[in-house]
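Observations on the model geometry
Residue-level listing of the chains:
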Amino acid sequence: MAQVGETVFRPLLDQGVGYGVVVGVGFFFTAVMLGLTYLQTKFSKFSPTSSEEFTSASRSVKPGLVCCGIVSAWTWSATLLQSATAAYTMGVSGPWWYGAGGTLQLAVMAMVAAKVKMNANGAHTFLEIVKARFGTGAHLLFTFYAFLCILFVSGLLLLGGAATVNALTGMNIIAACFLLPIGIAVYVVFGGLRATFVCDYAHTLILFIIIFLFMGSAYGTSKATGGLSAMYDLLVQAGKDAPVDGNQGGSYLTLKSNQGLVFGAATMLSGFSGVFCDQGYWQRAIASAPRTTTKAYMLGCLSCFAVPFGFASCLGLAARALVNNPNFPTYPYPLSAAQTSAGLAAPAAAVVLMGKGGAVAILLLIFMAMTSAMSAELIAVSSLFAYDVYRTYFKRQATSAEIVRVSHYFIAFWAVWSGCWATILHKAGIDLGWIFYVIGVLLSPAVIPIILTVTWSRLTRTGLIIGCTSGAVLDMLAWMIGCWKIYGEINIPNLAKPYSAVCSGLTGLLFSGLITVLVSLAQPGKYDFSDTRAIAVYDDAASQATASDSDIKESIDDVSPGVSPIDAKGDFADNKAPVLVVKSFDPAELKPMYRRATLSCLTMVAITSIIVPLPMFFSHYIFSKGFYAFWVACTIIWSAFSAFCCIILPLWESRVEMFVMARACIRGEKPAESASTVQP
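Remember, it's a predicted structure, so these values are computed and weren't measured experimentally. Residue numbers run consecutively from 1 along every chain, following the written order of its sequence. With pLDDT at 70 or above as the cut-off, local features in this predicted model cover only qualifying residues; side-chain atom pairs require 80 or more to be listed or tallied, and sums for whole chains, interfaces and linings still use all residues. Derived side-chain values reflect all non-hydrogen atoms in the structure, with water molecules and hydrogen atoms excluded from consideration.

1. Some points on the overall build of the protein chain
Numbering of helices and strands runs from the N terminus, with a helix taken as a DSSP run of H or I at least four residues long and a strand as a DSSP run of E at least two residues long. When you go through the protein chain residue by residue, the secondary structure sums to 25 helices and two strands. Any residue under 20% of the maximum accessible area for its type is buried, any over 50% is exposed, and the rest in between are partly exposed; the area is computed with a 1.4 Å probe on protein chains only. Relative to its 680 residues, the protein chain shows a buried fraction of 62%. The Shrake-Rupley method, run with a 1.4 Å probe sphere, supplies the accessible areas, and residue values consider only the shown protein chains as cover. Within the structure as shown, the protein chain displays about 23400 Å² of accessible surface, and the carbon and sulfur contribution to it stands at 68%.

2. A short note on the pattern of salt bridges
Proximity of charged atoms lets side chains of opposite charge pair with each other. The term salt bridge refers to a side-chain nitrogen of Lys or Arg lying within 4 Å of a carboxyl oxygen of Asp or Glu. The full count for this structure, using the stated rule, is three salt bridges. The salt bridge partner of Glu128 is Arg391, with a shortest N-O separation of 3.3 Å. Highlighted residues: Glu128 in helix H6 (residues 126–134) and Arg391 in helix H14 (residues 345–394), separated in sequence by 263 residues. Among the residues examined, Glu128 registers a relative accessible area of 6% and is labelled buried.

3. Thoughts on the state of the cysteines
By convention in this document, the label disulfide applies to cysteine sulfur atom pairs within 2.5 Å. Tallying each qualifying case throughout the model produces zero disulfides. Cysteine Cys277 shares no disulfide, and the gap to the nearest cysteine sulfur, in Cys149, comes to 5.5 Å. Residue Cys277 is classed as buried on the basis of its relative accessible area of 1%. Here Cys645 is not disulfide-linked; the sulfur of Cys67 is the nearest cysteine sulfur, at 5.1 Å.

4. Section: the confidence of the model for the protein chain
In this model, the protein chain carries an average pLDDT of 81, and 84% of its residues clear a pLDDT of 70 or more. Confidence of the prediction at every residue is given by pLDDT, a number between 0 and 100. In the model of the protein chain, helix H21 (residues 549–557) stands out as the element of lowest mean pLDDT, 37, in contrast to helix H9 (residues 228–241), which has the highest, 94. Predicted confidence is poor over residues 1–5, with pLDDT under 50, and the contacts of this stretch with residues over four places away or in other chains come to 10 contacts. Here, two residues are considered to be in contact whenever any of their heavy atoms come within 4.5 Å of each other. When the criterion is pLDDT under 50, residues 674–680 qualifies, and its contacts beyond four places in sequence or with other chains add up to 25 contacts.

5. Things to note about the environment of Leu378
Note on placement: Leu378 falls in helix H14. Sequence-wise, Leu378 and Ala412 are 34 residues apart; in three dimensions their C-alpha atoms are separated by 8.8 Å. Dropping the residues within four chain positions of it, Leu378 is found in contact with Pro181, Ile184, Ala185, Val188, Ile411, Trp414 and Ala415.

6. So, the packing of H6 against H14
H14 packs onto H6 with a crossing angle of 35 degrees between their chain directions and a minimal axis gap of 9 Å. In this structure, H6 uses Leu127, Glu128 and Lys131 to contact H14, whose residues at the interface are Leu384, Tyr387, Asp388, Arg391, Thr392 and Tyr393. Under the scheme applied here, ten amino acids are nonpolar (Ala, Val, Leu, Ile, Met, Phe, Trp, Tyr, Cys and Pro), four are charged (Asp, Glu, Lys and Arg), and all others, including Gly, are polar. Taken together, the residues that form the contact of H6 with H14 break down as four nonpolar, one polar and four charged. Helix axes are fitted only over the stretch in contact, all axes being lines through C-alpha atoms; the angle between N-to-C directions runs from 0 to 180 degrees.

7. Here's the deal with helix H10 (residues 258–276)
Because the α-helix completes a turn every 3.6 residues, residues three or four places apart line up on one side. Helix span is expected to be 1.5 Å times the residue number reduced by one. With 19 residues, H10 should reach 27 Å at 1.5 Å per residue; the first-to-last C-alpha distance of 27 Å fits that figure. H10 sits mainly inside the fold: 15 of its 19 residues count as buried.

8. Regarding the packing of aromatic side chains
In this analysis, rings of Phe, Tyr and Trp, with Trp reduced to its six-membered ring, are considered paired at centre separations within 6.5 Å, and the interplanar angle assigns stacked below 30 degrees, edge-to-face beyond 60, and tilted for intermediate values. Summed over all chains, the structure comprises 31 aromatic pairs. Ring plane angle 80 degrees and centroid distance 6.1 Å describe the contact between Phe309 and Trp638, whose orientation is recorded as edge-to-face. In this pair, Phe309 is assigned in helix H12 (residues 293–321) and Trp638 in helix H24 (residues 625–653), connecting sequence segments 329 residues apart. In textbook terms, an aromatic cluster arises when at least three aromatic residues are bridged by ring pairs, as seen for Trp96, Phe305, Phe309, Tyr621, Phe623, Phe627, Phe630, Trp631 and Trp638.

9. Here we look at unusual backbone geometry
Between Tyr331 and the following residue, Pro332, the backbone shows a cis peptide bond with an omega angle of 15 degrees. Here Pro332 is to be found in the loop between H12 and helix H13 (337–341). Positive phi, normally seen in glycine, also occurs at Phe529, with a value near 60 degrees. Turning to its location among the elements, Phe529 is positioned in the loop between helix H19 (498–522) and helix H20 (530–533). What makes Phe529 buried here is its relative accessible area of 7%. Although it is not a glycine, His620 adopts a positive phi angle of roughly 60 degrees. Here His620 is to be found in the loop between helix H23 (613–618) and H24.

10. Let's talk about the side chain of Ser251
With respect to the helices and strands, Ser251 occurs in the loop between H9 and H10. Residue class for Ser251 comes out buried when judged on its relative accessible area of 10%. Sequence-distant contacts of Ser251, that is, excluding residues within four places in its chain, are made with Val244 and Ile622.

11. Comments concerning the nonpolar core
Nonpolar side chains in soluble globular proteins tend to end up buried together. If you look at the biggest cluster of nonpolar residues, it comprises 202 residues, and the most contacted ones within it are Phe276 and Ile362. A per-element tally of this core places H14 first, with 26 residues. Apart from the residues within four sequence positions on either side, Phe276 is in contact with Gln105, Val108, Met109, Val112, Phe126, Trp282, Val447, Ile450 and Ile451. The nonpolar core is taken to be a set of buried Ala, Val, Leu, Ile, Met, Phe, Trp, Tyr and Cys residues, with the residues joined through side-chain atoms within 4.5 Å. Counting six residues, the second largest nonpolar core, distinct from the first, contains Tyr387, Tyr390, Ile403 and Val406.

12. A closer look at empty space enclosed by the protein
Only protein atoms enter the 1 Å grid used here, on which a cavity is any set of points holding a 1.4 Å probe that cannot leave and a pocket is any open set flanked by protein within 12 Å on both sides along at least five of seven lines; residues with an atom within 4 Å of a point are listed as lining. Grid points are joined across faces, edges and corners, and a volume is the space filled by probe spheres set on the points. Taken as a whole and judged by the stated rule, the model has six cavities of 30 Å³ or more. As for the largest cavity, its lining consists of 15 residues, of which Trp74, Trp76, Tyr98, Gly271 and Phe436 are closest to the centre. Put simply, the parts of the chain that give the lining of the largest cavity at least two residues each are helix H5 (93–119), H10 and helix H16 (432–455). Top element by residues in the lining of the largest cavity is H10. It accounts for five residues. Tallied by class, the residues present in the lining of the largest cavity amount to eight nonpolar, seven polar and no charged.

13. Things to note about the environment of Ser341
Along the chain, the position of Ser341 falls in helix H13. Overall, Ser341 belongs to the partly exposed group, its relative accessible area being 24%. When the C-alpha positions of Ser341 and Ile430 are compared, they lie 9.9 Å apart, and in sequence the two are 89 residues distant. Nitrogen and oxygen atoms within 3.5 Å of one another constitute a polar contact, given that in protein one can donate a hydrogen and the other can accept it, and given that sequence-neighbouring residues count only through two side-chain atoms. Within the structure, the side chain of Ser341 is placed 2.8 Å from the side chain of Asp431, a separation counted as a polar contact.

14. A word on H16
Counted at 1.5 Å a residue, the expected span for H16 with its 24 residues is 34 Å, and the 33 Å between its end C-alpha atoms agrees. Within H16, the axis deviates most sharply at Leu443, by approximately 55 degrees, and proline Pro445 lies no more than four positions further along. Summarising burial for H16: 22 of the 24 residues are buried, a large majority. Capping the start of H16, Asp431 holds a side-chain oxygen 3.1 Å from the backbone nitrogen of Trp434, two or three residues further along. One fitted axis covers the seven residues ending at a residue, a second covers the seven starting there, and the bend at that residue is the angle between these axes.

15. Topic: the environment of Tyr297
With respect to the helices, strands and loops of the structure, Tyr297 is situated in helix H12. Placed 13 residues apart in sequence, Tyr297 and Arg284 show a C-alpha to C-alpha distance of 9.0 Å.

16. With respect to the packing of helix H4 (residues 77–90) against H12
Across the interface, H4 lies against H12 with an axial gap of 7 Å and an inter-helix angle of 50 degrees. Taken as axis vectors, H4 and H12 run oblique relative to one another. For the element pair H4 and H12, the recorded crossing hand is right-handed. Across the interface between the two elements, Thr79, Leu80, Ser83, Ala84, Ala87 and Tyr88 from H4 touch Val307, Pro308, Phe311, Ala312, Gly316, Leu317, Ala319 and Arg320 from H12. Among the residues forming the contact of H4 with H12, the class breakdown is 10 nonpolar, three polar and one charged. Angles below 35 degrees are treated as roughly parallel, those above 145 as roughly antiparallel, those between 65 and 115 as roughly perpendicular, and all remaining angles as oblique. Handedness of each helix crossing follows the sense of rotation of the near helix against the far helix: counterclockwise by less than a right angle gives left-handed, clockwise gives right-handed.

17. Regarding the side chain of Glu128
Within the local environment of Glu128, its side chain forms a polar contact with the side chain of Arg391, the two groups lying 3.3 Å apart. Ignoring anything within four residues of it in the chain, the contact list for Glu128 reads Ala123, Tyr387, Asp388, Arg391 and Ile535.

In structure tokens, the structure reads:
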């Protein structure tokens, strides 16, 4: 029977393996990405020396690769580690609610992405839309939230990755915090957003290969679990040895879990904040081709659910089933509270299932997830600084080359600063689990105002600012009072407990939205989005030297009648940089896409948050062995669908381009089409 005592997570690998993965594998992928970037520049129509290509991939990325990028950006090291921790502590409800939480925000983001293409197709960041519509005050407010989001996401990614590397190899955590982002920064600097998409593909390919290896081991070949039937028996016994408080019969095999329901609410709040305040997700909406944006996000939504659902249902539950196995890293004790919060359930299960091979696999898996998500954050934060700080407040006449150069400098700065920030958090005793819950607390007041900025014509500047700031004040009050009343004391651990986080996050989310709407309706606006549709693409003469006059004229002619290519509020009225305007679509042309996004969003939310989990919660059903086998089959099938969308679909969609590029490489010729052509 599992006991409580002093536990030590015994590293199975040498420190050299840790340094080899972090430095060696990291720089290997960097070299591969640099090689691909060179081929892209030399033999394709796209060049990362253009600011449009560097920050938005020329708005031409196809839905399969955007789907892959969404999955990669959402599959943080925390996604894998925290979802497995939820399965370890709560049972089957943890992976389901983690997946449902992420699916909800991405489904809503699909709707918002459709509106971005309708109302601000030329934007580089979501803050540009805020600036064009509401001016400087609102822009500064949401700039604060955007940088705060990326700051905490960067810390979460590095802390989760560093803790795993340390647990498996004994590598120094501080060294890992500094070394992990360095190699990533190199290929992001040279390749821009398109390089991160290619990196996302490579990382996601390895991610799914390793997930399927663990599934095959846990449910089939491993002697530790004894196959699917024996694993069910182990989980039944685990419910007797260490019953879950609030679960039906203390079982790990039920969706009737009070903790799971609260965890689901906290996950949704954290996910909403992490999606809508994070430029990385907006970047993918901006980079996608307008007519396929909704398709990309809905595929990404479906695919993202499968990653925590499949991974955590496998390794998280395996960790709980194998606590009493002599090969468990903390045997004869279970994981301590600190080890659990650090996300070590999945590494523990991997070690028992596959020995050193499992340790290497989970190390590589977490490294891939961390580097892929971190690359998205680096390109996102550089875009925010270049467009919303440098060009907006310091040099409004900045050319494309200057924007790219400033982006390079800030990527290098952020890579170093994020290592420092992760070290500060580590020394303060803050871990992955703490940040996961607190992100929703800090950022939830900004979520609904940001969504309404893109979607609601009656929103006013006064409503936006009062709603967001009032929501933040109420959010903080609910956080402190809730923590005090529920847990009896306000301290760092209690502030990140689920009930504290949910009380605060729900207050901030709902009241900020309610106040924003009510204040706006008191004196409603009637905005036609002409200012946001006029956001232009600025490129320097050098990058457009190959573009013919007719190309530029055609692009300008595509602008909606009566819309100036210069920001209508005059923010760039004195900008002397050449202007190439992205085609502005007639809103009526994209309305069917928005309707499809809305229908898909409502369907996904209904299935994942209501139709499946709630009847099983209220029926107090505990899985039979047959139903558990069906549940596992669902995780495998859904993971296979996700793998198809992320791995096979991008190759199929880009088969013509890959053929053209391969032919150009063989012939040593560059395709005739200009690199500066901005595609609709």
